[in-house]
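Notes for the structure review
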Amino acid sequence: MENVHLVPGEEEDDLYTGYNDYNPTFDSEDLQNDVGFQQAVRTSHGRRPPMTAKYPGTAIGGRPIGTAYGSRIPVGTAMGRPMTGAVQDGAARPMTAVRAAGYSSSIARGSVFDPLGQSKGPAPPLERQNEDTPEEKIKILEKKVNDLIEESCLAHARGDLQLSLEKAKEAGRKERALVRQREQTGTSDHINLDLTYSVLFNLANQYANNDMYTEALNTYQVIVKNKMFNNAGRLKVNMANIYFKQKNYTKAIKFYRMALDQISNAHNAMRIKIMQNIGVVFIHMGQYSDAITSFEYIMGESPNIKTGFNLILCYYAIGDRERMKKAFQKLICVPLGIDDEDKYIPANDDPHANMVIEAIKNDKLHQMERERKALAEKYIMTSAKLIAPAIESSFAAGFDWCVDMVKGSQYVELANDLEINKAITYLRQRDFKQAVETLKMFEKKDSRVKSAAATNLSFLYFLEKDYEQADRYAELAMSADRYNPAALINKGNTVFVKEDYEKAAEFYKEALRNDSSCTEALYNLGLTYKRLGRLEEALDCFLKLHAILRNSAQVMYQLANLYEMLEDPHQAIEWLMQLTSVTPTDAQVLAKLGDLYDNEGDKSQAFQYYYESYRYFPSNISVIEWLGAYYIDTQFCEKAIQYFDRATLIQPTQVKWQLMVASCYRRSGNYQKALETYKDIHRKFPENVECLRFLVRLCTDMGLKEVQDYATKLKKVEKMKEIREQRVRSGRESSARGRREGSAGSDSGQSNHGTSAKGERISIKLKTLPGSNEPYEASTHQEIDASYADPLGPQMQRPKTAAKKRTEEDEFADEELGDDLLPE
């Protein structure tokens, strides 16, 4: 009884006092933790049968009452009615309203008080369902089919199209087995049509996703022909889509119209989409009049941006100027259904309202609104650029009309962009004067437009090599918008051409700080570091750029060139190999690979790449020279002749190629052909000492009479050569004395140094030919090999194709300024 608490006396006279009080004595759920109750249950007192009366009478009728007379007799009531708790005829009196406490009206005599049913033991285990019954097997199979459909959909969501198709096929097999099982058990009336529809629809959809169009159409046909499926006719839209992908436009139109007939007017949005598809199919078929009919109906019922743009395209295709104008006016009046941007600007100092605005500023809804607006602006700009040259006598007048229309619409901010595009159109027509005049009109506009116009003006003047004007407009663009990366790049370019590389690097870095994805700034920064000799930093720039532009040929070539400058030929070869996968027909890249392999001593690989370079561009003298020398080294002089013949065609005034042809004939043993070739060379170059020397030798060996004539000519030419050399030598000595006496000796010395270096390079090139005192067999293979120089050179900034060779500065300007114009 320790849990029994008495109700305290009432302090106030409240009629409802005590109704909400809870006496824990009546808490049967906490009996397990009641120490007194558990002790009573465990003792014999708890197992004692209840006290009941044996005779009718009062509650103590079973006990004799002593009186003053000493007699002990039971005292009954006046009416003889059973009293409370008494028994009559051996049965306990019914006790109402206490069944919840464990009492029962049919409790037997001697039963134990057990309200919790502990004496009965644990509840018997649940009976297991019998899975062998047909109904239970059908339920299990249905669950498997549903699970397979779900797995197929999830696999498609992950992009695993093959697995999704396999799961859809397995679900179809299980569903057919389910139908057969129902037919065998005689419960075919209970076939789940919804499950069958889901299986077939998912299977057809997965067939279409895997480009198995025939199987998808067959499956859709099964669904459409089954009259038991409600609204199955809508799937003809899917069938029409498949026919459209197969370019079977006639059937696509047919099925779109069949689907349109089966969709009621209540589903107007669906009907509009189907009609839009019909119009697109008519455009592909070239039936613009039919497409116009569909699009005009849509623009009258439920106008949208895409349909308005397609309608303009159709009018442009048939050349209808007036209807193009009307369609453009309808396009700019299409409601977008989005809120103004002012909604997201805090209007007061209410912190709660500002927090709400901050929360919704970049939410999914606002992002969707921005995307919709950007798409609408793109269609309007494209439409204006398309119809401007067609709606008026000149494209300038057409642009002006479009600008006037846009200024009176909800897209008023696009008017300036259209003016910029007008200038760009002038650029495409190479009317630079009109482009400059158009852009100069924006010098007094707002900062954004002024910056864009000044950027383009700087670009134009840079292309014209008017670097002063380019620098001035770059400064103007930067002052209007300091965070414009294109303006900073143009400013860096003007500094770069002045060879102030450190300052140029600072502008490129600032452009990258404003826009980390600006690839032009990163590329130009790498070139700047390369000019400064900071090769590691340049390499870091181009590696970052390669991570952004994976298939950029210029970036790969720069990386290969940097590794070559860092004396890591293996990495250079690796990057050039990647470059050949992007531009496999670039002859300069192939020649460079051949040169690197040649330096590594791998002649076979070098020959392979040089030969491929020659095949794509057979006019590279360096490649031709290397291939000819290679065949001479490998004792295939006959094959070397064709390459030196090619060099003779390219440089007919260079005598060395014709001498090499004659030398190849002589080495191969064809002395008669060699003699004829030398005679032909002598007719073209009568003062060539080497040719005369070879003629004297050949005529002597062959016993010809002309040997005396050639010997006489040789002596005259050698004497003339000596006189000429003496004059040159005396002239050099006198000029050297003048330089020593003059005040500008240092400058002249540098100039002489350059001349001597050039003469040294020429002498190296001519080592393939014998000297005046050497026999005609003295041209060794090693000397021929030494005459082949690097075809690209260390100053090459990026690969150049065979069709178009440009200077390094031109390439730099093109690459860094290519995207400075406004996006169209």
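Everything in this summary refers to the structure shown in the same document. For clarity, every value in this text was computed on a predicted model and none was experimentally measured. The numbers attached to residues start from 1 for each chain and follow its sequence in the written order. The model is predicted, so local features are restricted to residues of pLDDT at least 70 and side-chain atom pairs to those at 80 or more, both for listing and for counting; the totals for chains, interfaces and linings are taken over all residues. Excluding hydrogens and water, the side-chain figures rest on all heavy atoms present in the structure.

1. Considering the overall build of the protein chain
We apply this condition: Numbered from the N terminus, helices here are DSSP runs of H or I no shorter than four residues, and strands are runs of E no shorter than two. Buried, partly exposed and exposed residues are distinguished by accessible area as a fraction of the type maximum, computed with a 1.4 Å probe on protein chains only: under 20%, between the cut-offs, and over 50%, respectively. Surface accessibility follows the Shrake-Rupley procedure with a 1.4 Å probe radius. Residue values consider only the protein chains on display as shielding.
Of the regular secondary structure elements, the protein chain holds 36 helices and 4 strands. Out of the 824 residues in the protein chain, the part that is buried amounts to 38%. Approximately 48900 Å² of the protein chain is accessible, and the part contributed by carbon and sulfur atoms is 51%.

2. Observations concerning the environment of Ala269
You can see Ala269 is positioned in helix H9 (residues 268-285). Ala269 gets classed as exposed once you look at its relative accessible area, which sits at 55%. Ala269 sits 33 residues away from Ser302 along the chain, and the two C-alpha atoms are 8.4 Å apart.

3. Here we look at the packing of aromatic side chains
Which entries qualify depends on this criterion: Planes of paired rings set the category: under 30 degrees apart is stacked, over 60 is edge-to-face and the rest tilted, where pairs are Phe, Tyr or Trp rings (Trp by its six-membered ring) whose centres lie within 6.5 Å. Whether a charge sits over a ring depends on NZ of Lys or CZ of Arg being within 6 Å of the ring centre and within 35 degrees of the ring normal.
According to the stated counting rule, one finds 22 aromatic pairs in the structure shown. Residues Tyr197 and Phe229 carry aromatic rings whose centres are separated by 5.4 Å and whose planes lie at 65 degrees to one another, so their mutual orientation is edge-to-face. One end of the pair, Tyr197, is in helix H5 (residues 193-209); the other, Phe229, is in the loop between helix H6 (213-225) and helix H7 (236-245), and 32 residues separate them in sequence. The class for Tyr197 is partly exposed, based on a relative accessible area of 25%. Take Phe229: its relative accessible area is 8%, and that puts it in the buried class. Here a set of aromatic residues connected by ring pairs shows up, and it is made of Phe607, Tyr610, Tyr611, Tyr614, Trp626, Tyr630, Tyr631 and Tyr643. In this structure, Arg615 is placed above the aromatic ring of Tyr616, and the distance from its NZ or CZ to the ring centre is 4.8 Å. Note that Lys639 overlies the ring of Phe636, its terminal NZ or CZ placed 5.5 Å from the centroid.

4. Structural notes on the environment of Ala171
What counts here: In what follows, a contact means two residues having at least one pair of non-hydrogen atoms within 4.5 Å.
Within the secondary structure, Ala171 sits in helix H4 (residues 161-185). When the C-alpha positions of Ala171 and Asn202 are compared, they lie 9.3 Å apart, and in sequence the two are 31 residues distant. Residue contacts for Ala171: discarding those within four places in its chain leaves Val145, Leu148, Ile149 and Val199.

5. Considerations on unusual backbone geometry
A positive phi angle, near 60 degrees, is found at Glu567, a position not held by glycine. Structurally, Glu567 is set in the loop between helix H24 (553-565) and helix H25 (569-582). The phi torsion at Gln635 lies on the positive side, around 65 degrees, for a residue other than glycine. Along the polypeptide, Gln635 turns up in the loop between helix H28 (621-633) and helix H29 (637-650). Residue Gln635 is classed as exposed on the basis of its relative accessible area, which comes to 55%.

6. A short note on the nonpolar core
Stated formally: Only buried residues count toward a nonpolar core, which is a set of Ala, Val, Leu, Ile, Met, Phe, Trp, Tyr and Cys residues joined through side-chain atoms within 4.5 Å.
Ranked by internal contacts, the top residues of the largest apolar core, which has 173 residues, are Phe328, Tyr411 and Tyr678. Element by element, the count of residues in this core is highest for helix H14 (residues 364-391), at 9 residues. What Phe328 contacts, discounting residues up to four positions off in sequence, is Ile312, Ile380, Ser383, Ala384, Ile387, Trp401, Cys402, Met405 and Val406. Core analysis: the next-biggest nonpolar cluster, separate from the first, contains 9 residues, Leu141, Leu148, Leu178 and Leu195 among them.

7. Section: the packing of helix H20 (residues 485-496) against helix H21 (residues 501-514)
Working note: a packed helix pair is described by the angle between its axes plus the distance between those axes. What counts, and what does not: For every element, the axis is a line fit to its C-alpha atoms; helices are fit only across the contacting stretch, and the angle between N-to-C directions ranges from 0 to 180 degrees. We call two directions roughly parallel when the angle between them is under 35 degrees, roughly antiparallel when it is over 145, roughly perpendicular when it lies between 65 and 115, and oblique otherwise. In this classification, the charged set is Asp, Glu, Lys and Arg, the nonpolar set is Ala, Val, Leu, Ile, Met, Phe, Trp, Tyr, Cys and Pro, and all remaining amino acids, among them Gly, are polar.
Contact geometry of H20 with H21 gives a least axis separation of 8 Å together with a crossing angle of 170 degrees. With respect to each other, H20 and H21 are oriented roughly antiparallel. In this structure, H20 uses Pro485, Leu488, Ile489, Lys491, Gly492, Asn493, Val495 and Phe496 to contact H21, whose residues at the interface are Tyr501, Lys503, Ala504, Phe507, Tyr508, Glu510, Ala511 and Asn514. The class makeup of the residues in the contact of H20 with H21 is 10 nonpolar, 3 polar and 3 charged.

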